[in-house]
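# Tertiary structure, described
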Amino acid sequence: MSTNMNTKATSKAVLVLVPRPVVEVMDRCVKRLDLDRSKFIRAAIREKLQRDGAVSEN
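What this report covers is the structure whose coordinates are included nearby. (Residues numbered from 1 in each chain as written. Predicted model: local features only at pLDDT ≥ 70, side-chain atom pairs only at ≥ 80, totals over all residues. Heavy atoms only, no water.)

## Description of the pattern of salt bridges
In plain terms, the rule: Throughout this description, the term salt bridge denotes a Lys or Arg side-chain nitrogen within 4 Å of a carboxyl oxygen of Asp or Glu.
Evaluated as defined, the whole model comprises three salt bridges. In this structure, Lys48 and Asp52 form a salt bridge, with 3.2 Å as the shortest nitrogen-oxygen distance.

## Some words on a nonpolar patch on the surface
This is how it is decided: To count toward a patch, a residue needs a relative accessible area above 30% and no salt bridge. Like charges then connect within 9 Å, nonpolar side chains (Val, Leu, Ile, Met, Phe, Trp, Tyr) within 5 Å. Accessible surface is estimated by sampling points in the Shrake-Rupley manner with a 1.4 Å probe; for residues, cover comes only from the protein chains shown. Helix and strand definitions here come from DSSP, where helices need a minimum of 4 consecutive H or I residues and strands a minimum of 2 consecutive E residues; each element is numbered from the N-terminal end.
A cluster of nonpolar side chains, contributed by Val14, Val16, Val18 and Val22, occupies part of the molecular surface with about 340 Å² of accessible area. Within the secondary structure, Val14 is located in the segment before α1 (20-33).

## Considerations on the environment of Arg20
Threshold: Here the term buried applies to any residue with accessible area under 20% of the maximum for its type, exposed to any over 50%, and partly exposed to those in between, with areas from a 1.4 Å probe on protein chains only.
Secondary-structure assignment places Arg20 in helix α1. On the basis of relative accessibility, which here comes to 69%, the residue Arg20 falls in the exposed class. Arg20 sits 14 residues away from Asp34 along the chain, and the two C-alpha atoms are 20 Å apart.

## Focus on α1
Selection criterion: The span expected for a helix works out to 1.5 Å for each residue beyond the first. Working definition: the arc comes from the directions between the helix axis and the C-beta atoms, pointing outward to the latter. A contact between two residues is defined here by any heavy atoms of the two lying within 4.5 Å.
End to end, α1 covers 20 Å across 14 residues, agreeing with the expected 20 Å (1.5 Å per residue, within 8%). For α1, the set of buried residues is Val23, Met26 and Val30. Projected onto a plane normal to the axis of α1, the buried residues spread over an arc of 65° and lie on a single side. Across α1 from its buried face, at more than 90 degrees, point the exposed residues Pro21, Arg28, Lys31 and Arg32. If you follow the buried residues of α1, they end up packed against α2 (37-51). Directly beyond the C-terminal end of α1, a positive phi value near 55° is found at Asp34.

Given below as structure tokens:
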């Protein structure tokens, strides 16, 4: 799974409802890591999929 260019042509938007307290913690992490929410969420999904063996680490 590539972490490079994510464009409308190569991606699909997914609406996810997240509890406000989780968003508040996520926003603190995003700021500390110098990311944006989308990058943070994509990285979290990628990490979980890799941990579960669903995708390779590349």
